[in-house]
Amino acid sequence: MELIQNTPDLSAYLAADEVIDHDHPLVREMAARLARQAEDSYAYARLAFEFVRDTIPHSADSGDPRVTWRASDVLEQGTGICYAKSHALAALLRAEDIPTALCYQRLAHDDGSGHAVHGLVAVRFNGAWHRQDPRGNKPGVDAQFSLDGERLAWVPDPESNEVDYPVLYAEPHPAVLSVLKAAPDRPYLWKTLPTEL
């Protein structure tokens with residue numbers, strides 16, 4: 001699949017905004033802590049990915065009812081669903097001048113009751129985009145940081161009407177951000193997740 005930037009301006013994938021707030025002191029502090037452990041930008045990207053994947057539980061896995069959407073809030077509260085974790089990883093990567101995009105998949109619910117949009121990121125190294133999924137591993141999910149072929153949480157099944165969306169967004173998709181902002185808790189959010197983009 002060819003990944004397509006929704007804006008040709010690469011600097012948009014380094015920008016800070018209200019969601020990917022990498023200018024926030026908490027994000028800057030965590031980025032600096034991770035950077036001290038990394039010998040180069042590749043190592044930093046892997047450390048940031050593993051930090052978000054492994055130390056910030058996916059709220060559905062942990063049962064946490066809180067809904068986070070701003071990167072700094074995800075880091076402060078230590079919880080988030082796939083979108084929020086992607087926002088946090090994007091902020092940590094952009095804080096160290098690594099172009100990072102938000103991207104999405106349409107996946108079937110485990111119980112077959114419909115579909116939901118799943119969020120992940122893409123990082124730019126060596127002139128190419130590489131998708132990464134910081135959602136968090138669990139039985140049946142083994143996402144790994146990789147620049148040599150994707151190691152995502154899920155591979156969409158076209159026969160189940162699952163889709164890899166090729167667009168790389170510099171900012172969260174409005175359909176995603178609106179449901180995150182409107183949800184008072186995760187059970188409510190679960191009922192309002194977008195089913196497609």
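Above this text you will find the structure in question.
Residues numbered from 1 in each chain as written. Predicted model: local features only at pLDDT ≥ 70, side-chain atom pairs only at ≥ 80, totals over all residues. Heavy atoms only, no water.

S.K.: Is there a simple way to explain helix α2 (residues 41–55) in this structure?
M.R.: Three or four residues apart is the spacing at which side chains of an α-helix point the same way, because the helix has 3.6 residues per turn. The terminal C-alpha atoms of α2 lie 20 Å apart, and with 15 residues this matches the ideal 21 Å at 1.5 Å per residue to within 8%. Three or more residues of α2 are buried, namely A43, Y44, A45, A48, F49, F51, V52 and R53. Buried positions along α2 lie against α1 (25–36), α4 (71–77), α5 (82–95), β3 (115–125) and β4 (128–132). Measuring from the side-chain oxygen of the N-cap residue of α2 to the backbone nitrogen of Y42 gives 3.1 Å; that N-cap residue is D40. (Helix = DSSP H or I, 4+ residues; strand = E, 2+ residues; numbered from the N terminus. Expected span 1.5 Å × (residues − 1). Buried < 20%, exposed > 50% of the residue type's maximum accessible area, 1.4 Å probe, protein only. Contact = heavy atoms within 4.5 Å. Polar contact = N/O pair within 3.5 Å; in protein donor to acceptor, adjacent residues only side chain to side chain.)

S.K.: Would you mind showing me how to read the side chain of Q132 here?
M.R.: Mapped onto the elements of the fold, Q132 is located in strand β4. Note on Q132: relative accessible area 1%, which makes it buried. A distance of 2.7 Å separates a polar side-chain atom of Q132 from the backbone oxygen of S146.

S.K.: How do you make sense of the layout of surface pockets when you look at a structure like this?
M.R.: Remark: the empty space left among the atoms is shown by a probe the size of a water molecule rolled over them. Estimates place the volume of the largest pocket at around 520 Å³. Around the largest pocket, the lining is made up of 22 residues, and of these A108, H109, D110, W154 and W190 lie nearest the centre. When contributions to the lining of the largest pocket are tallied by element, the ones reaching two or more residues are α3 (59–62), α5, β2 (100–108) and β3. Of the residues forming the lining of the largest pocket, the biggest block, three residues, is contributed by β3. Each residue belonging to the lining of the largest pocket can be placed in one class, and the counts come to twelve nonpolar, four polar and six charged. (1 Å grid on protein atoms, 1.4 Å probe; cavity = no way out; pocket = protein on both sides within 12 Å on 5 of 7 lines; lining within 4 Å. Points joined across faces, edges and corners; volume = space filled by probe spheres on them. Nonpolar A, V, L, I, M, F, W, Y, C, P; charged D, E, K, R; others polar.)

S.K.: Any chance you could explain the packing of aromatic side chains here in plain terms?
M.R.: Between two aromatic rings, the relevant description is the distance of the centres plus the angle of the planes. By the definition in use, this model includes five aromatic pairs. For the ring pair F49 and F145, a centre distance of 5.8 Å and an interplane angle of 55° mean the geometry is tilted. On the criterion of sequence distance, the pair formed by F49 in helix α2 and F145 in the loop between β4 and β5 (163–164) is long-range, its members being 96 residues apart. The pair F49 / F145 is uniform in exposure class, with both members buried. Among the aromatic side chains, those forming a connected cluster through ring pairs are Y83, Y104 and Y169. The lysine or arginine in question, K181, covers the ring of W69, its NZ or CZ lying 4.9 Å from the ring centre. (Phe/Tyr/Trp six-rings, centres within 6.5 Å; stacked < 30°, edge-to-face > 60°. Lys NZ or Arg CZ within 6 Å of the ring centre and 35° of its normal.)

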